[in-house]
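# Notes for the structure review
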Amino acid sequence: MAGPPPKRHNRDEHRATRTKDGVTQLPRKKFFRQRAHANPFSDHMLEYPTSPDEMDWSSYYPDYAEEGSPEADAKPPRLRKDVEIVDIGCGFGGLLVALAPILPDTLILGLEIRTQVTQFVQERIRALRSQNSGNLYQNLGCIRANAMKFLPNFFKKGQLSKIFICFPDPHFKARKHKARIVSTTLNSEYAYALRPGGIVYTITDVEALHEWMVQHLDAHPAFERVSKEDEEADACVKVMMDETEEGKKVTRNKGQKFVALFRRLEDPPW
């Protein structure tokens, strides 16, 4: 006599795209559960382009894809505009979804290393596009990627205008500090991808991690800290504080949120 179907089989059934009256329904987070963090030094069998020119973005932003010419068939389709905003470790996509209507003409990308979480965000974007007419949410995309290893594979020099680092893994133990997403080496990669005037947004509920990020970004010659007045006037800061899943959890728990913004400086003359 056959036993009950395995839990994984049940989960896959529940995760299947649901429609109602021809409209795709939002995915349910409980069927996309995964560990809170992933080891960025592990081999996650990721796919990534050899260079930004080899990246095919058309499946993530189909409304922005240009029609290719016969002689260009060997190259991936181009977009009418480049990705400009990146959320590193986007989690379940709260920041992406909140930014989309505020910046409707800007392509926004979430980078997430966890498989199930990436799939959830991709399903969420598809459902939101189905539920809304016009161009709303067409400017969102999410890919599974390890930003610590492959950021320059996806973005050209000076391509980005904003990088968000929201509630990253604090890696409390000293021997784990090398895995923190803000470091001397990684800050140089952020400086490479950001255009002059671009902003790195950081937020955490761990004061020691906040001090670490401020210390390392302050020490980098390509960045200067944004003033408190400019920080408070930036509409993206309120979104970052209130709309991410982690931000909502900190609010519920009556915790503190530590914010710091850093502006990309012009490169000095040769």
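First, a word on what this report is: a plain description of the structure on this page. (Residues numbered from 1 in each chain as written. Predicted model: local features only at pLDDT ≥ 70, side-chain atom pairs only at ≥ 80, totals over all residues. Heavy atoms only, no water.)

## With respect to the overall build of the protein
Helix and strand counts for the protein stand at nine helices and nine strands. Burial statistics for the protein: of 270 residues in total, 47% are counted as buried. For the protein, contacts bridging at least 24 residues in sequence account for 77% of all contacts bridging at least 6. Looking at the protein as shown, the accessible area adds up to about 14800 Å², and 50% of this sits on carbon and sulfur atoms. (Helix = DSSP H or I, 4+ residues; strand = E, 2+ residues; numbered from the N terminus. Buried < 20%, exposed > 50% of the residue type's maximum accessible area, 1.4 Å probe, protein only. Contact = heavy atoms within 4.5 Å. Areas by Shrake-Rupley, 256 points an atom, 1.4 Å probe, with all protein chains shown as cover.)

## Focus on the packing of helix α2 (residues 94-102) against helix α8 (residues 235-242)
Relative orientation of the contacting elements α2 and α8 amounts to 150°, with a least axis distance of 9 Å. Regarding the angle of α2 to α8, the classification is roughly antiparallel. Note on packing geometry: the crossing formed by α2 with α8 is right-handed. Contact residues: L95, A98, L99 and I102 in α2; C236, V239 and M240 in α8. Looking at the contact of α2 with α8, its residues break down into seven nonpolar, no polar and no charged. (Axes fitted to C-alpha atoms, helices over the stretch in contact; angles between N-to-C directions. Parallel < 35°, antiparallel > 145°, perpendicular 65-115°, else oblique. Left-handed = near helix turned anticlockwise from the far one by under 90°. Nonpolar A, V, L, I, M, F, W, Y, C, P; charged D, E, K, R; others polar.)

## Let's talk about the packing of aromatic side chains
Enumeration according to the criterion identifies eight aromatic pairs in this entry. Here W57 and Y60 contribute two aromatic rings whose centre-to-centre distance is 6.2 Å and whose plane-to-plane angle is 65°, an arrangement assigned as edge-to-face. Overall, the relative accessible area of 9% leaves W57 in the buried class. Among the aromatic residues, those joined into a cluster by ring pairs are W57, Y60, Y61, F154 and F155. Directly above the aromatic system of W212 lies the positively charged group of R180, at a separation of 4.7 Å from the ring centroid. (Phe/Tyr/Trp six-rings, centres within 6.5 Å; stacked < 30°, edge-to-face > 60°. Lys NZ or Arg CZ within 6 Å of the ring centre and 35° of its normal.)

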